[in-house]
Amino acid sequence: MITFLVSILLLVAAYFVYGRIVEKYLDVDPSRRTPAYERGDGVDYQPLPTWKVFIIQFLNIAGLGPIFGAVTGAAFGPAAYIWIVVGCIFMGAVHDFFAGMMSLRNDGVNMPDLASRYLGKGMKGVMIFVSIFLLMAVGVSFVIGPSGLLESLTGMPKETWLYIIFGYYILATLLPVDKIIGSIYPLMGGILLFMAFGVGVMLIAGQISGAHQLVELTPDVLKNWHSDPERNLLIPMMFIVISCGAISGFHATQSPMMARCLKNERYARPVFYGAMIAEGVVAMIWATAAMAYCGGPEGLNNAMTSVGTEINGVIVKNAQAADLVDLICKSWLGKVGAVIAVIGVVVCPITSGDTAFRSLR
């Protein structure tokens, strides 16, 4: 449990220490008028309460990364802790802070326009192509995935859910940012954070009661635990699986949307750096939960393959990340957890898909 708690403390401390160092380098100026006021149009450019901007930014960049990515990445073992902490503090959070501040200082424009201003028109064309490809890929994947899950949960045809989700995407893309995204996201973000908090509490309670054992990061366990290590090298495959923003260029397409809604530059660190740190905390909780629930990294790998492992008297095998999230929530959070798990697994990708299409628009 020491590794888990220290990792969480390092992430939180980084927001107050390293985040302020980055803030100084970015020359944050509370006296400057933000694009929300300079270019207010009632659609994309409009000031929103800072807590809403934070939650929207958190959901925009998170999706299922800090849940599915962390659970799948935990198969590599406790080395995942190092990547989540180091990656979030020094890469992901700085990346998002930098992207958000660049947009704030340049009228809230997107990355292709930023590339044009600083690197020339030729690079703008390259960035437009990359952004379109990236956002289309994210949007499409976050339609297909949730529609398949909803089909299995409700029995309604997948095609029907595809139309429903796309219909929602059209509304979320075209309507003013406060009408749907600003109204729904705070509720969804609260559910996601409550789920992570509940699982985190059960982790600590289970460790204290002896119900499960949290793996500590020591030299003996610092190796590749993956069931297929030859095809899943620790470096770089762990970095890719547990992206959590550390290597995700997708975040740079999302930050400008919130740069258009920020009331003051003093809130840039809480929103852009802070949201990434929050994602890191959620990822730490789920990576730890996956290993603890399955009896360690070896048990987790067995549960995700045909080998199987016994959990609470039941043999779990060939489990996907969604299956493990569902099992953990049901086991540790009861009926409420089961509902939250469904909402989280279905809604979280949708709340990244809609903003992917909004950025594309």
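Look above for the structure.
Remember, it's a predicted structure, so these values are computed and weren't measured experimentally.

Trainee: Please provide a residue-by-residue account of the overall build of the protein, values included.
Mentor: A tally of regular secondary structure across the protein gives 15 helices and 2 strands. Its C-alpha atoms give the protein a radius of gyration of 20 Å, within 12% of the compact-globule value 21 Å for 361 residues. Its C-alpha atoms give the protein principal-axis dimensions of roughly 60 × 50 × 35 Å. Counting only residues that meet the buried cut, the protein has 53% of its 361 residues in that class. For the protein, long-range pairs separated by at least 24 residues make up 80% of all intrachain contacts whose partners lie at least 6 apart in sequence. When the accessible surface of the protein is totalled, it reaches about 15500 Å², and 66% of it is carbon and sulfur. Taken as two groups, the 23 positive and 23 negative side-chain charges of the protein have centres that lie 8 Å from each other.

Trainee: Give a description of unusual backbone geometry that names residues and reports values.
Mentor: Leaving glycine out, the prevailing phi sign among residues is negative, and the prevailing peptide bond configuration is trans. Cis geometry is found at the peptide bond from Ile235 to Pro236, where omega equals 15°. Inspection of the secondary structure puts Pro236 in helix α11 (residues 234-241). A positive phi angle, near 65°, is found at Asp107, a position not held by glycine. For Asp107, a relative accessible area of 34% translates into the label partly exposed. The phi angle at Asn318 is positive, at roughly 55°, despite the residue not being glycine.

Trainee: Break down the packing of aromatic side chains for me, citing the residues and quoting the values.
Mentor: One pass over the structure, following the stated rule, counts 9 aromatic pairs. When the ring of Tyr15 is compared with that of Phe16, the centres are 4.9 Å apart and the planes differ by 80°; the resulting orientation is edge-to-face. Judged by its relative accessible area of 16%, Tyr15 is buried. In this structure Phe16 comes out as partly exposed when scored by relative accessible area, which is 46%. Ring geometry for Phe166 versus Phe357: centroids 6.2 Å apart, planes at 50°, classification tilted. Separated by 191 residues along the polypeptide, Phe166 in helix α9 (residues 158-174) and Phe357 in helix α15 (residues 321-360) bring together distant segments of the chain. On the accessibility criterion, Phe166 (36% relative accessible area) is partly exposed. Exposure remark for Phe357: the relative accessible area of 15% places this residue in the buried category.

Trainee: Go over the packing of helix α2 (residues 18-25) against helix α6 (residues 79-104) with me, naming the residues and quoting the values.
Mentor: Packing of α2 against α6 brings their axes to within 11 Å, and their N-to-C directions diverge by 40°. Put simply, α2 runs oblique to α6. Of the two possible hands of crossing, α2 and α6 adopt the one that is right-handed. On α6, the residues that touch Tyr18, Gly19, Val22 and Glu23 of α2 are Ile89, Phe90, Val94 and Phe97. Split by residue class, the contact of α2 with α6 holds 6 nonpolar, 1 polar and 1 charged.

Procedures and definitions
- Residues numbered from 1 in each chain as written.
- Predicted model: local features only at pLDDT ≥ 70, side-chain atom pairs only at ≥ 80, totals over all residues.
- Heavy atoms only, no water.
- Helix = DSSP H or I, 4+ residues; strand = E, 2+ residues; numbered from the N terminus.
- Rg over C-alpha atoms; globule rule 2.2 N^0.38 Å.
- Buried < 20%, exposed > 50% of the residue type's maximum accessible area, 1.4 Å probe, protein only.
- Contact = heavy atoms within 4.5 Å.
- Areas by Shrake-Rupley, 256 points an atom, 1.4 Å probe, with all protein chains shown as cover.
- Lys, Arg positive; Asp, Glu negative; His and termini not counted.
- Charge placed at Lys NZ, Arg CZ, Asp CG, Glu CD.
- Phe/Tyr/Trp six-rings, centres within 6.5 Å; stacked < 30°, edge-to-face > 60°.
- Axes fitted to C-alpha atoms, helices over the stretch in contact; angles between N-to-C directions.
- Parallel < 35°, antiparallel > 145°, perpendicular 65-115°, else oblique.
- Left-handed = near helix turned anticlockwise from the far one by under 90°.
- Nonpolar A, V, L, I, M, F, W, Y, C, P; charged D, E, K, R; others polar.

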